[in-house]
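Report on the structure
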Amino acid sequence: MPNSKLQHVILTMHHLRCAVAGATHQGHRLTLSANLRTTTTTTKFTVSPPIKPWPKTLTPTRLISLINRTQNLDLALQIFHHAGHFHTNFFHTFPTYLYLVSRLARARLFSQVETLMTQLKNDPRVQCSEIIFVVMIRNYGLAGRYGDALRWFGKTGEFGVKRTGRLLNCVLNALVQCRRYDLTGELFRVCGERFGVESNLGSCNVVLKGLCRKGDMKGARKVIDEMPRMGLVPNGVSYTTVMGGYVGVGDVEGARWAFGEILDRGWKPDVMTYTVLMDGYCRSGRFVDAVRVMDEMEENRVRPNEVTYGVMIEAYCKEKRHGEAMSLLGDMIERRYVPSSVLCCKVIDVLCEVGKVEGAYALWRRLLRKNVTPDNAISSTLIHWLCKAGKVSEAKKLFDEFDRSWIPSVLTYNTLIAGLCDHGQLCEAGRLWDDMVEKRCFPNAFTYNMLIKGFCKAGKPEEGVRVLKEMIQKRCPPNESTYSKLFEGFCDSGSLEQIMELLILATSNGIRVDANSWRLILSKAIGNVETGAILDNRTLEDSVT
């Protein structure tokens, strides 16, 4: 020990002895107190904040802002805990707990949520509110964890939160989302007696939704009939839900009954109510009635939305009525609704299936003019049909135009590469392959298979093998179809030695050669005794595995 420290300790012990020796006198007691204050060493620890610079002044609002700017939720938790434990004069409030619990629950980090809720429960400065339980129950329901949703519904009292109709409706909806319709009905029946919360109109509507999804329309009608005895009056949402249930089971007349009940009560149907009824008519093939409802809807100054148009256009596409589908899609675009990618693909499919590829191409250009940029799915669909119709140059032109305003996906590249290979344009397919790799859009098994198929079709199976070896090198596992194409190509133009090399490569990679390939190989090997013996062994191995 250094001399200075030793002297300090000796001096300290001397002061203590003197202080203790005179402890019976008041003056000496004061001296003892003074000496202890001067000799006691206080050790200070400095904890580094999780982010720098750490604010000197911290409020709950600023803490929420810090957490909001943090993408890493582990870091967000560190910020939260550092603020609560180490920042002078800072105390967490309910909004800080609520914000972090919401983010963690949306990210499905439920173990951290549970820990945070325990901390909230033990924090005497914070008054809890039901909204945090709404957030938790809703996210547990979305994650399919209905048991945890029920558990937290039962724990609200531990946090001093009274159960309300809002919380009841939230847990009922979580059960419906998880398709636990039996538990939904049971909770609805016992909620007053067991949990001390009375059901309301929203609760009945959630139960109706569950019964309709289950297809129990008899039970749904029973709930509608019993609601007045509960002191509740069904509203437009109630009857629209029942309408959707009837449509789901194919009962258009039942849906019409629910629609009539809305009108009889003097309520004005909204766009969703009309759309559900139109969907029912379309599903049963009654297009005239569906159009009549749409006309009636506009007469009542209720504008159709994108869902309404989608229902009608899909129905027309299903019936191959491309003219009506195109007309409605044009009307939809003129009203500045953006059609979904799936909807556009269905219209393009139905146009091309009846041979109107040019009409589909015109639709693609119209979407561009209306600033509705066709995405990869729409462009891939049209490229497929153009190539199938032999219009490869138009397909390439469309791809180049799309490439200037969008980033082509693997699907779009694959569709055009497949079309080019099918029409023997292997150089163009190779150029597109290079462009694909250069833009870091990496080929998949389908891309390799299309190139291999193209080379084999052009009588160049050796080039196909080169592609196969690159495929294996890039750790893109080939399948039975890959080898089948090569076996077929070599049997048509290759030597027996090349077939045997390919067979060894296939079996060494654990590929089971299919029966059709074996027939081709054996037909090529007939008359060659040595090769036949090898093939007998390979065939036996395949039959055993």
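Residues numbered from 1 in each chain as written. Predicted model: local features only at pLDDT ≥ 70, side-chain atom pairs only at ≥ 80, totals over all residues. Heavy atoms only, no water.

Moving on, we come to the state of the cysteines. Counting across every chain of the model gives zero disulfides. As a non-bridged cysteine, Cys317 has Cys344 as the owner of its nearest cysteine sulfur, 9.9 Å distant. (Disulfide = S-S within 2.5 Å.)

A word on the pattern of salt bridges. Here the idea is simple: oppositely charged side chains can pair when their charged atoms come close. Per the counting criterion, the structure on display carries 27 salt bridges. As a salt-bridge pair, Arg286 and Asp289 come within 2.9 Å of each other at their nearest N and O atoms. With a closest N to O distance of 3.9 Å, Lys453 and Asp422 form a salt bridge. Here Lys453 is found in helix H25 (residues 445-457), whereas its partner Asp422 is found in helix H23 (residues 410-422), with 31 residues between them in sequence. Looking at Asp422, the relative accessible area reads 35%, which means it is partly exposed. Put simply, Glu253, Arg286, Asp289, Arg292 and Glu296 are held in one network by salt bridges that share partners. (Salt bridge = Lys/Arg side-chain N within 4 Å of Asp/Glu carboxyl O. Helix = DSSP H or I, 4+ residues; strand = E, 2+ residues; numbered from the N terminus. Buried < 20%, exposed > 50% of the residue type's maximum accessible area, 1.4 Å probe, protein only.)

Turning next to the packing of aromatic side chains. What describes a pair of aromatic rings is the distance from one ring centre to the other and the angle between the planes of the rings. Taken as a whole and assessed by the stated rule, the structure comprises 15 aromatic pairs. When the centroid spacing of 5.3 Å and the interplanar angle of 15° are considered together, the rings of Phe287 and Tyr316 count as stacked. Residue Phe287 is found in helix H16 (residues 287-299), and its partner Tyr316 is found in helix H17 (residues 306-318); the two are separated by 29 residues along the sequence. Accessibility classification places Phe287 together with Tyr316 in one group, the buried group. Site record: aromatic cluster; members linked through ring pairs are Phe133, Trp152 and Phe159. Here Lys155 stacks its cationic end above the ring of Trp152, 4.3 Å away from the centre of that ring. If you follow Arg321 out to its NZ or CZ, it ends over the ring of Phe287, 4.9 Å from the centre. (Phe/Tyr/Trp six-rings, centres within 6.5 Å; stacked < 30°, edge-to-face > 60°. Lys NZ or Arg CZ within 6 Å of the ring centre and 35° of its normal.)

Attention now moves to the nonpolar core. Counting residues in each nonpolar core, the largest one holds 106 residues, and the members touching the most others are Met312, Ile313, Leu329, Ile348, Leu382 and Leu416. The biggest single contributor to this core is helix H19 (residues 341-353), with eight residues. Ignoring any residue separated from it by four or fewer positions in sequence, one finds Ile313 in contact with Ala325, Leu328, Leu329, Met332, Leu343 and Val347. Core analysis: the next-biggest nonpolar cluster, separate from the first, contains 53 residues, Trp54, Met117, Leu120 and Phe195 among them. (Core = buried A, V, L, I, M, F, W, Y, C linked by side-chain atoms within 4.5 Å. Contact = heavy atoms within 4.5 Å.)

Approximately 360 Å³ is the volume attributed to the largest pocket. Taken together, 16 residues form the lining of the largest pocket, with Gly185, Arg189, Val207, Leu211 and Val223 sitting closest to its centre. At the level of elements, helix H10 (181-195), helix H11 (201-214) and helix H12 (217-226) are the ones that each hand at least two residues to the lining of the largest pocket. Tallying contributions element by element places H10 first for the lining of the largest pocket, with seven residues. The residue inventory of the lining of the largest pocket, partitioned by class, reads five nonpolar, four polar and seven charged. The volume enclosed by the second largest pocket comes to roughly 170 Å³. What lines the second largest pocket is Asp279, Cys282, Arg283, Gly285, Phe287, Val311, Glu314, Ala315, Lys318 and Glu319. (1 Å grid on protein atoms, 1.4 Å probe; cavity = no way out; pocket = protein on both sides within 12 Å on 5 of 7 lines; lining within 4 Å. Points joined across faces, edges and corners; volume = space filled by probe spheres on them. Nonpolar A, V, L, I, M, F, W, Y, C, P; charged D, E, K, R; others polar.)

Below, the discussion takes up helix H26 (residues 461-473). Here H26 contains 13 residues, and its C-alpha end-to-end distance of 18 Å stays within 8% of the 18 Å for a straight helix at 1.5 Å per residue. Within H26, the full set of buried residues consists of Pro461, Gly464, Val465, Val467, Leu468 and Met471. The arc that holds every buried residue of H26, seen down its axis, measures 160°, which confines them to one face. Along H26, exposed side chains directed more than 90 degrees from the buried face belong to Lys469 and Gln473. Within two residues after H26, Arg475 carries a phi angle of roughly 60°, on the positive side. (Expected span 1.5 Å × (residues − 1). Arc of directions from axis to C-beta.)

Take the packing of helix H8 (residues 146-154) against H10 next. For the pair H8 and H10, the least separation of the axes is 14 Å and the interaxial angle reads 10°. With respect to H10, the element H8 is oriented roughly parallel. Between H8 and H10, the residues in contact are Tyr146, Leu150 and Phe153 and Leu183, Leu187 and Phe195, respectively. When grouped by side-chain class, the residues that make up the contact of H8 with H10 number six nonpolar, no polar and no charged. (Axes fitted to C-alpha atoms, helices over the stretch in contact; angles between N-to-C directions. Parallel < 35°, antiparallel > 145°, perpendicular 65-115°, else oblique.)

Attention now goes to the environment of Arg303. Relative to the helices and strands, Arg303 resides in the loop between H16 and H17. Residue classification places Arg303 among the exposed positions, given a relative accessible area of 53%. In this structure the C-alpha to C-alpha distance between Arg303 and Asp270, which are 33 residues apart in sequence, comes to 9.2 Å. Excluding its chain neighbours within four sequence positions, the residues that come into contact with Arg303 are Val271, Met297, Arg335 and Tyr337.

As a further point, take the environment of Leu172. In this structure, Leu172 sits in helix H9 (residues 165-177). Classification of Leu172 by relative accessible area gives buried; the value is 0%. Expressed as a C-alpha distance, the spacing of Leu172 and Val206, which sit 34 residues apart in the sequence, is 6.7 Å. Ignoring sequence-local partners within four residues, the contact set of Leu172 consists of Thr184, Leu187, Phe188, Ser203 and Val206.

A separate point is H10. Along its length, H10 shows its largest kink, about 50°, at Arg189. Those residues of H10 lying buried are Tyr181, Thr184, Gly185, Leu187, Phe188, Cys191 and Phe195. The elements touched by buried residues of H10 are H8, H9 and H11. Backbone geometry just after H10 places Gly196 at a positive phi near 70°. (Bend = angle between axes of the 7 residues up to and from the residue.)

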